[in-house]
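Fold and geometry: a report
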Amino acid sequence: MAAGPLAGLVVADLTAMVMGPYCTQIMADMGADVIKVEPPGGDITRFVAQGPVPTMNGVFVNINRGKRSIVLDLSTEQDKEALRRLVARADVFIHTMRASAIARLGFSYAEVSAINPSIIYSNCYGYGRGGPDRDRPAYDDTIQAECGLPAVQEMLTGEANFVGTIMADKVTGLTALYAIMMALYHRERTGEGQEVEVAMFETMASFMLVEHANGAIFDPPVGPANYHRAVAPNRRPYQTRDGHISALVYNDKHWALFMDAVQPPWASEEFATVEQRALQINRVYGLLGETFLQRTTGEWLELLHKLGIPAAPLNTPEQLLENPHLKAAGFFETVETGQGPVRFPGVPTLFSNTPGKVHGAAPELGAHTQEILAELGLPALNETSQQ
């Protein structure tokens, strides 16, 4: 039996790529029975990287762990009926198709809620239906561009670049998760199901404008639409005598401790308060950069940790896999799979009474089709219908 705060929840998961599967991966970790509905060709993420066997690469295996896979060809009435049966017993229906595409298949919110009025129906797509771009396709790169990430990277580094992670997909997946959880909470109190819409562009616009709307939100504006500290060109990891370090000498207490311990030649009362420093933050970052060149990374880490000033080494993803803190905290979970043991990044949240965990391997394509059909009271499909 699955354990966790979502134990007993049934999720009909019609998502692909990363955004939706990341959302439902967390649900599976928290105990939900996530039934991954795949087309005969499978989720495209099965094919984006190499793994020990075809269709089971590290990206797919990580974000689809603990789920069950059923292959349904929704161009056929037989398989549509199977999905309707699943809808009837599901708590959550989530998809990542454009609104027009899911409607053509016969699984719009109106049609799904007619089968199960208490269901939480989540649309996850590129652009909200209220705007003219509602039918445009979207991927992480295009949404990063449109929400302003390369623009602020250019302010920071002098070159327009994407960030080195699929941020739009993952932030939107997390947003979909909290939206679904809120809808489930509402249903718990009222019994009422509802439709939820989570659009990548709107989500990332909200995410970016948390700080970058800044003075432009006022009427009239009192400043540009950017947070100057975040895009200051000198805001970067500091170079040391033998490498780099990340350090934030930010609040007045930490600033005074740093000045007293290091006594740089440029120390001055004009930098004494956070308000004074904020007015000339790029200059402050530059002066700190000159100072950090004078000692090794190890020497700086020892001093800054002693002073209680936030500081960290620059890790690579490979180093995270061997990080002593993560290991000691029990962050990684090793699960035996058909491809051998897999060491998963584990659940980052702790629950005192209903902890989540990695509930098993990612499924081979269609591995649970017959099992799920039997649960739905339907006859087994023949082998050719699953290919």
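See the structure printed just above.
Values in this document were obtained by computation on a predicted structure and should not be read as measured data. (Residues numbered from 1 in each chain as written. Predicted model: local features only at pLDDT ≥ 70, side-chain atom pairs only at ≥ 80, totals over all residues. Heavy atoms only, no water.)

Attention now goes to the overall build of the protein. When helices and strands are tallied, the protein shows 17 helices and 11 strands. Put simply, the protein has 387 residues, and 44% of those count as buried. In the protein, the proportion of contacts linking residues at least 24 apart, taken out of those at least 6 apart, comes to 67%. Carbon together with sulfur atoms contributes 56% to the accessible area of the protein, which is approximately 19,600 Å² in total. (Helix = DSSP H or I, 4+ residues; strand = E, 2+ residues; numbered from the N terminus. Buried < 20%, exposed > 50% of the residue type's maximum accessible area, 1.4 Å probe, protein only. Contact = heavy atoms within 4.5 Å. Areas by Shrake-Rupley, 256 points an atom, 1.4 Å probe, with all protein chains shown as cover.)

What follows concerns the sheet that holds strand β2 (residues 33-38). The strands that make up a sheet pair up through hydrogen bonds in the backbone, lying either parallel or antiparallel. The strand order across the open sheet built from six strands is β3-β2-β1-β4-β5-β6, with neighbouring strands paired in parallel fashion. Each of the sheet's edge strands pairs with one partner strand only, and the pair in question is β3 (68-71) and β6 (194-199). Between one strand and the next, the sheet's axes are offset by a mean angle of 20 degrees, whatever the strand orientation. As paired elements, β2 and β3 share four bridges and run parallel to each other. Within β3, the residue paired with Glu38 across the bridge is Val71. Docked against the sheet, helix α8 (residues 167-190) engages β4 (92-95), β5 (120-125) and β6, running at close to 165 degrees with respect to β6. (Pairing = 2+ DSSP bridges. Axes fitted to C-alpha atoms, helices over the stretch in contact; angles between N-to-C directions.)

Attention now goes to the sheet that holds strand β9 (residues 311-312). Spatial strand order, β7-β8-β9: three strands in an open sheet with antiparallel pairing. Edge strands, defined here as strands with exactly one partner in the open sheet, are β7 (238-239) and β9. Sheet analysis places β7 next to strand β8 (residues 244-247), joined by two bridges and oriented antiparallel. Following the sheet pairing, Gln239 is matched in β8 by His244. Those strands touched by helix α14 (residues 297-307) are β8 and β9, and its axis lies near 20 degrees from that of β8.

Attention now goes to the side chain of Gln280. The residue Gln280 is located in the loop between α12 (274-279) and α13 (281-292) in this model. With residues up to four places along the chain from it excluded, the contact list for Gln280 reads Glu270 and Phe271.

Attention now moves to α8. Residue pairs spaced three or four apart in an α-helix point in one direction, given the helix's 3.6 residues per turn. With 24 residues, α8 should reach 34 Å at 1.5 Å per residue; the first-to-last C-alpha distance of 35 Å fits that figure. Just past α8, the residue Gly191 takes up positive phi, approximately 80 degrees. (Expected span 1.5 Å × (residues − 1).)

Let us look at the packing of aromatic side chains. A complete count under the given rule lists 11 aromatic pairs for this structure. On the numbers, 4.9 Å between centres and 10 degrees between planes, the contact of Phe93 with Tyr121 is stacked. Note that Phe93 is positioned in strand β4 and Tyr121 in strand β5, a separation of 28 residues in sequence. Seen in terms of ring centroids, Tyr127 and Phe201 are 5.6 Å apart; in terms of plane orientation they differ by 55 degrees. Their pairing is tilted. Placement of Tyr127 in the loop between β5 and α6 (140-147) and of Phe201 in helix α9 (residues 200-212) is noted, with a sequence separation of 74 residues between them. The buried category is assigned to Tyr127, whose relative accessible area is 2%. Residue Phe201 is classed as partly exposed on the basis of its relative accessible area of 22%. Taken together, the aromatic side chains of Tyr238, Phe258, Phe292 and Trp300 make up a single cluster linked through ring pairs. (Phe/Tyr/Trp six-rings, centres within 6.5 Å; stacked < 30°, edge-to-face > 60°.)

In this section: the nonpolar core. Counting residues in each nonpolar core, the largest one holds 36 residues, and the members touching the most others are Val11, Met27, Val92 and Ile180. The set of elements that each furnish at least two residues to this core consists of α1 (19-29), β4, β5, α6, α7 (149-157), α8, β6 and α9. When residues in this core are grouped by element, the largest group, eight residues, is from α8. If we ignore the near neighbours within four places in the chain, the residues touching Val11 are Thr24, Met27, Ala32, Asp33, Val34, Ile35, Val92 and Ile94. If you look at the next biggest cluster of nonpolar residues, it comprises 24 residues, including Val10, Ile70, Ile102 and Leu376. (Core = buried A, V, L, I, M, F, W, Y, C linked by side-chain atoms within 4.5 Å.)

Now for the layout of surface pockets. Its volume calculated, the largest pocket comes out at about 1,200 Å³. Surrounding the largest pocket, 42 residues form its lining, Tyr22, Gln25, Asn62, Arg65 and Pro345 being those nearest its centre. Among the elements of the structure, α1, α2 (58-63), α8, α15 (317-321) and β11 (340-345) are those that each provide at least two residues to the lining of the largest pocket. Per-class residue counts for the lining of the largest pocket are 28 nonpolar, 10 polar and four charged. For the second largest pocket, the calculated volume is near 900 Å³. Looking at the second largest pocket, it is lined by 38 residues, and the ones nearest its centre are Ala16, Met17, Thr96, Met97 and Tyr139. A per-element tally of the lining of the second largest pocket places β2 first, with three residues. (1 Å grid on protein atoms, 1.4 Å probe; cavity = no way out; pocket = protein on both sides within 12 Å on 5 of 7 lines; lining within 4 Å. Points joined across faces, edges and corners; volume = space filled by probe spheres on them. Nonpolar A, V, L, I, M, F, W, Y, C, P; charged D, E, K, R; others polar.)

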